[in-house]
Amino acid sequence: MTELGLPEDILACLFDLDGVVTKTAVVHAAAWKEMFDAFLREREGEHFRPFSDGDYDQYVDGRPRADGVRTFLASRGIELPEGAPDDPPAAPTVHGLGNRKNVLVLEKIRTDGVEAYDGTLRYLEAVRAHGLRTAIVSSSANCRDVLRAIDAEDRFDVRIDGVVAAERKLPGKPNPDTFLAAAHDLGVDPSRSAVFEDALAGMDAGRSGHFGYVVGVDRVGQTDALYAHGADVVVKDLAELGGKA
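Residues numbered from 1 in each chain as written. Predicted model: local features only at pLDDT ≥ 70, side-chain atom pairs only at ≥ 80, totals over all residues. Heavy atoms only, no water.

Novice: Looking at this model, I keep getting lost on the sheet that holds strand β4 (residues 193-197). Mind explaining?
Specialist: As a general point, the strands of a sheet are linked pairwise by backbone hydrogen bonds and lie either parallel or antiparallel. One open sheet holds the 6 strands; their spatial order is β3-β2-β1-β4-β5-β6, and the pairing between them is parallel. In this open sheet, the two edge strands, each paired with only one partner strand, are β3 (158-160) and β6 (233-235). Strand-to-strand twist of the sheet, defined as the mean angle between neighbouring strand axes without regard to direction, takes the value 20°. In terms of strand pairing, strand β5 (residues 213-217) meets β6 through 3 bridges, oriented parallel. By the bridge assignment, V215 is partnered in β6 with V233. Docked against the sheet, helix α9 (residues 200-208) engages β4 and β5, running at close to 175° with respect to β5. (Pairing = 2+ DSSP bridges. Helix = DSSP H or I, 4+ residues; strand = E, 2+ residues; numbered from the N terminus. Axes fitted to C-alpha atoms, helices over the stretch in contact; angles between N-to-C directions. Contact = heavy atoms within 4.5 Å.)

This is how it looks when you write it as structure tokens:
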């Protein structure tokens, strides 16, 4: 292992955004809960079963927005029309609910701002100082704005986010396609690329894409689940891996 805590043959690092680079995973989770609880309350009355942390981890976290809506609704036996990506937030459709959640998360980010994990930013500096290529891989359509908010856009050679995935028609996590696209754009074989993820869907993507190393980042106490879904190592902060710029 190198002083970066990675196998010697790793040439590229592929980072998820929310929960790995930025402290926005909790913001997204809160927005999903607010949206789904309001939807379920309206549909089922005051005795509805609320959206839980477990629901977020299993059905939503790391997935593209519409996929998260579909997967959670299916877990409750609910079917809605697909609608269209530009559906208004009030529309009773899959895309409408997804857009409703996005309005909420953008409001929360505008109100509270965006914070980066200092350990990740230091690790990024070290990775780049050692000559490794870097990519950001996120299902978020707001990825570029978030990176600019923390002044980190120039720390990544490649960006594969929700906008790029839609343009290229790439299926989102747990499929490996967005990570594979990042490795391709960096000109590095997946077997020589490391994936950094905090979501179980991201672990699944790292495993099924046959990447050289998969780092699970445990911000919420799910170390065992991250290992079960394919992590080679799990850390609470990337600073634990070492690395000095």
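Novice: Looking at this structure, how should I read the packing of aromatic side chains?
Specialist: Any pair of aromatic rings gets described here by the distance separating the centres and the angle formed by the planes. Applying the stated rule across the entire model yields 9 aromatic pairs. Ring centres of F36 and F51 lie 5.1 Å apart, and the angle between their planes is 35°; on these two criteria the pair is classed as tilted. Separated by 15 residues along the polypeptide, F36 in helix α1 (residues 25-44) and F51 in the loop between α1 and α2 (53-60) bring together distant segments of the chain. Per residue, the accessibility class of F36 equals that of F51, and both read buried. Within the aromatic cluster, the residues linked to one another by ring pairs are W32, F36, F51, Y59 and F72. (Phe/Tyr/Trp six-rings, centres within 6.5 Å; stacked < 30°, edge-to-face > 60°. Buried < 20%, exposed > 50% of the residue type's maximum accessible area, 1.4 Å probe, protein only.)

Any link to function would need more than the numbers given here.
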